[in-house]
Amino acid sequence: MICLLTFSVYIGSAIYSAGTQEITQVFGVSTVAATLGLTLFVAGYGLGPMIWAPMSEIPQIGRNPIYIGTLVVFVFFQFGVIYAKNFGMLLAFRFLTGFFGSPVLATGGASLGDMYRPAKRAYAIAVWGLAAICGPVLGPLIGGFAAQHKGWKWPIWELLWLSGFALIVLIVCLPETSSANILYRRSRRLRKLTGRSDLKCEPEIQGEQMTAKDIAMMTLIRPFSLTFTEPILFLLNLYIALIYGLLYIWFESFVIVFTGIYGFNLGLEGLSFVGILVGGFVVIGPFFAYLYYIQEPQFNENGELKPEKRLPPAF
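Residues numbered from 1 in each chain as written. Predicted model: local features only at pLDDT ≥ 70, side-chain atom pairs only at ≥ 80, totals over all residues. Heavy atoms only, no water.

### Brief notes about the overall build of the protein chain
Note the following rule: Only DSSP runs of H or I covering at least 4 residues are called helices, and only runs of E covering at least 2 are called strands; the numbering of each starts at the N terminus. Between buried and exposed lies partly exposed: a residue is buried under 20% and exposed over 50% of the maximum accessible area for its type, with that area taken using a 1.4 Å probe on protein chains only. Two residues qualify as a contact provided that any one of their heavy atoms is within 4.5 Å of a heavy atom in the partner residue. Each accessible area is a Shrake-Rupley estimate made with a 1.4 Å probe; only the visible protein chains count as cover when residues are assessed. When charges are counted, neither His nor the chain ends are considered; positive counts come from Lys and Arg and negative counts from Asp and Glu. Here the site of a charge means atom NZ of a Lys, CZ of an Arg, CG of an Asp or CD of a Glu.
Counting its secondary structure elements, the protein chain contains 15 helices and zero strands. With the principal axes as the frame, the protein chain shows a C-alpha extent of 70 × 50 × 40 Å. By the burial criterion, 45% of the 315 residues in the protein chain qualify as buried. Relative to all contacts within the protein chain whose residues are 6 or more apart in sequence, the contacts with residues 24 or more apart total 75%. When the accessible surface of the protein chain is split by element, carbon and sulfur atoms take 69% of a total near 16200 Å². The averaged location of the 17 negative side-chain charges in the protein chain is 6 Å from the averaged location of its 21 positive side-chain charges.

Structure follows, in structure tokens:
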């Protein structure tokens, strides 16, 4: 379900790129301006987790209200994109959909951390990473055929249907994984059953001691300050920014190369991205072998591993 949610949101970035050529004609803007619809979506889901992810750590909130609440907004804001009256409205709703669709991009890893012990966590993260790759890679393919035959709005309709389906599935099936929130709800049920107001769990006590200033520091200040004061975070963010920049510049440049030079139509042009997905499936086998034979034996008897031991595969 976390993979489904990730795929449903991630595809929203690249699926837009299939319609950029028609958007330039409909709204009378340049190709560079039309690209802002892709850029602002990515900017929104880059900024969103800085706020949503820390909120999911508050015991009284947990993960599910963040996932489902923001996804509701994400789904309904697609109508703002589809029925945009002008180019400014289109860009505003593209940013907002990216912003509200973003929590799973950071909190998804935390949910997997709730479910798997450290020695097995990297397997789950890798599968989740493949779902994340599937989104932007399949976006131009799925959206390309739709835009080719039905116009630029049709890929957004597809995004609406997919994310709407994910919303229904999550509302019905997604369990809460935050241990702090689970304990909080258990203690609340016990108080109701016993009539004792003094029954409280540790996460609840910690949550009650948080002031509005503490919450603001946790959700608004600390994520941004840590990014620039922790060297390893800053350097990893720069590296990820480079990878993202390369990936998303392909969504615009591949159109120029494969349709302009090689004569692909919009649908076939999407096939040029499938190689990235194939690469993901090819590398996951050797990566699992590395985890099983090299990394797992390095965990001590308490199930702990030095954090820097996670980095060699990234090199």
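### Quick word on the environment of glycine 12
Mapped onto the secondary structure, glycine 12 falls in helix α1 (residues 2-14). By relative accessible area, which is 0% here, glycine 12 ends up buried. When the C-alpha positions of glycine 12 and proline 136 are compared, they lie 7.5 Å apart, and in sequence the two are 124 residues distant. Excluding its chain neighbours within four sequence positions, the residues that come into contact with glycine 12 are Phe41, Arg94 and Leu159.

### What to know about the pattern of salt bridges
Selection rule: For this analysis, a salt bridge means a side-chain nitrogen from Lys or Arg found within 4 Å of a carboxyl oxygen belonging to Asp or Glu.
Scanning all chains against the criterion turns up five salt bridges. Here aspartate 114 ties to arginine 63 by a salt bridge, and the two come within 2.7 Å at their closest N and O atoms. Of this pair, aspartate 114 sits in helix α7 (residues 103-115) while arginine 63 sits in the loop between α4 (36-55) and α5 (64-82), and the two are 51 residues apart along the sequence. In this structure aspartate 114 comes out as partly exposed when scored by relative accessible area, which is 31%. With a relative accessible area of 4%, arginine 63 lands in the buried category. In this structure, glutamate 296 and lysine 120 form a salt bridge, with 3.1 Å as the shortest nitrogen-oxygen distance.

### A word on the state of the cysteines
Cysteine pairs can be linked by a disulfide, which is a covalent bond between their two sulfur atoms. Keep this limit in mind: Any two cysteine sulfur atoms lying within 2.5 Å of each other are counted as a disulfide.
Summed over the entire model, instances satisfying the criterion amount to zero disulfides. The thiol of cysteine 3 is not disulfide-bonded; the next cysteine sulfur, from cysteine 134, is found 8.8 Å away. By relative accessible area, which is 28% here, cysteine 3 ends up partly exposed. Cysteine 3 provides the cysteine sulfur closest to cysteine 173, a residue in no disulfide bond, and the two sulfurs are 15 Å apart. In this structure cysteine 173 comes out as partly exposed when scored by relative accessible area, which is 45%.

### A short note on the packing of helix α8 (residues 118-150) against helix α15 (residues 274-295)
The following threshold applies: Fitted lines through C-alpha atoms serve as axes, helices being fitted only where they are in contact, and the angles separating the N-to-C directions of these axes extend from 0 to 180 degrees. Under this scheme an angle from 65 to 115 degrees is roughly perpendicular, one under 35 degrees roughly parallel, and one over 145 degrees roughly antiparallel; angles in between are oblique. Residue type decides the class: Asp, Glu, Lys and Arg count as charged, Ala, Val, Leu, Ile, Met, Phe, Trp, Tyr, Cys and Pro as nonpolar, and the leftover types, Gly among them, as polar.
Direction vectors running N to C along α8 and α15 enclose 175°, while the axes themselves pass 9 Å from each other. The pairing of α8 with α15 is recorded here as roughly antiparallel in orientation. Contacts from Ala122, Tyr123, Ala126, Val127, Leu130, Ile133, Cys134, Val137, Leu138 and Leu141 of α8 reach α15 at Val274, Ile276, Leu277, Gly280, Phe281, Ile284, Phe287, Phe288, Leu291, Tyr292 and Gln295. Taken together, the residues that form the contact of α8 with α15 break down as 19 nonpolar, two polar and no charged.

### Topic: the packing of aromatic side chains
Filter applied, for reference: Within 6.5 Å between ring centres, the rings of Phe, Tyr and Trp (the latter by its six-membered ring) count as paired, and their orientation is classed by plane angle as stacked under 30 degrees, edge-to-face over 60, tilted in between. Whether a charge lies above a ring is judged from NZ of Lys or CZ of Arg, which has to be within 6 Å of the ring centre and within 35 degrees of the ring normal.
Under the defined criterion, the tally for this structure stands at 27 aromatic pairs. Taken together through their ring pairs, the aromatic side chains of Tyr244, Tyr248, Trp250, Phe251, Phe254, Phe258, Tyr262, Phe264 and Phe273 make up a single cluster. Sitting over the face of the ring of tryptophan 154, lysine 150 holds its NZ or CZ atom 5.5 Å from the ring centroid.

### With respect to the nonpolar core
The cut-off we apply is this: Among the buried residues, those of types Ala, Val, Leu, Ile, Met, Phe, Trp, Tyr and Cys that are joined through side-chain atoms within 4.5 Å form a nonpolar core.
Among the nonpolar cores identified, the biggest contains 50 residues, and Ile23, Leu71, Leu90 and Tyr248 are the most heavily contacted of them. The contacts of isoleucine 23, once residues within four sequence positions are left out, are Tyr16, Gly28, Val29, Ala34, Phe87, Leu90 and Trp152. Judged by nonpolar contacts, the second largest core, of five residues, contains Ile51, Trp52, Phe99 and Phe100.

Don't take any of this as a statement about function, it's just geometry.
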